[in-house]
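Coordinate inspection notes
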Amino acid sequence: VQLQAFGGGLVQAGGSLRLSCAASGRTFSSYAMGWFRQAPGKEREFVAAISWSGGSTVYADSVKGRFTISRDNAKNTVYLQMNSLKPEDTAVYYCAARYSGISLEPKVYDYWGQGTEVTVSS
């Protein structure tokens, strides 16, 4: 599975962005998908994840109520809708695929996209 994340950019605090992650391959629907982020000087951290069917989602406490993860298996794409953005959301955002259930641990994901940068100005 090859992943390509896009949709990042510069936005003012309180604004919104929608990230997309397009996957190649015919087995996309077999993978749980996750979004992670890494700010300068910090470790990569979990943001959100969604099960292969889309029926289960989980969020980091820091984004709960502001971000929404979704997927369209017909389009081989997973999305991250980010609302009420804060300067502390500034990071490079990565999508990842795991051939198993949802996990918050980045080390167990099998495939990673290249990342898309999000900058939130105050």
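Quick summary incoming for the structure in this document. Because the structure is a prediction, the values reported are computed rather than measured.

What counts as what
- Residues numbered from 1 in each chain as written.
- Predicted model: local features only at pLDDT ≥ 70, side-chain atom pairs only at ≥ 80, totals over all residues.
- Heavy atoms only, no water.
- Helix = DSSP H or I, 4+ residues; strand = E, 2+ residues; numbered from the N terminus.
- Buried < 20%, exposed > 50% of the residue type's maximum accessible area, 1.4 Å probe, protein only.
- Pairing = 2+ DSSP bridges.
- Phe/Tyr/Trp six-rings, centres within 6.5 Å; stacked < 30°, edge-to-face > 60°.
- Lys NZ or Arg CZ within 6 Å of the ring centre and 35° of its normal.

Turning our eyes to something else, we now look at unusual backbone geometry. Non-glycine residue Asn 76 carries a positive phi angle of around 55 degrees. Mapped onto the fold, Asn 76 is located in the loop between strand E7 (67–72) and strand E8 (77–82). Backbone geometry at Ser 84 places phi at a positive 50 degrees, although glycine is not the residue there. Along the polypeptide, Ser 84 turns up in the loop between E8 and strand E9 (91–98).

Attention now goes to the pairing of strand E3 (residues 17–23). Across the seven residues that make up E3, a large majority, five, are buried. Of the pairings in the sheet, the one linking strand E1 (residues 3–6) to E3 comprises four bridges and is antiparallel in character. From the neighbouring strand, Phe 6 faces E3, where its bridge partner is Ser 20. Two elements, E3 and E8, share six bridges in a ladder whose sense is antiparallel. Within E8, the position partnered with Leu 17 by the bridge is Met 82.

Another point: the packing of aromatic side chains. Any pair of aromatic rings gets described here by the distance separating the centres and the angle formed by the planes. The tally for this structure, following the rule as stated, stands at seven aromatic pairs. Ring centres of Tyr 31 and Tyr 111 lie 5.9 Å apart, and the angle between their planes is 70 degrees; this geometry places the pair in the edge-to-face category. In this pair, Tyr 31 sits in the loop between E3 and strand E4 (32–38) while Tyr 111 sits in strand E10 (residues 111–112), placing the two residues 80 residues apart along the sequence. A relative accessible area of 9% places Tyr 31 in the buried class. Classification of Tyr 111 by relative accessible area gives partly exposed; the value is 32%. Feature note: the residues Phe 36, Phe 46, Tyr 94, Tyr 109 and Trp 112 constitute an aromatic cluster, connected by ring pairs. The aromatic ring of Tyr 94 is capped on one face by Arg 44, whose charged end is 3.9 Å from the ring centroid. Over the aromatic face of Trp 112 sits the side chain of Arg 44, whose NZ or CZ is 4.7 Å from the ring centroid.

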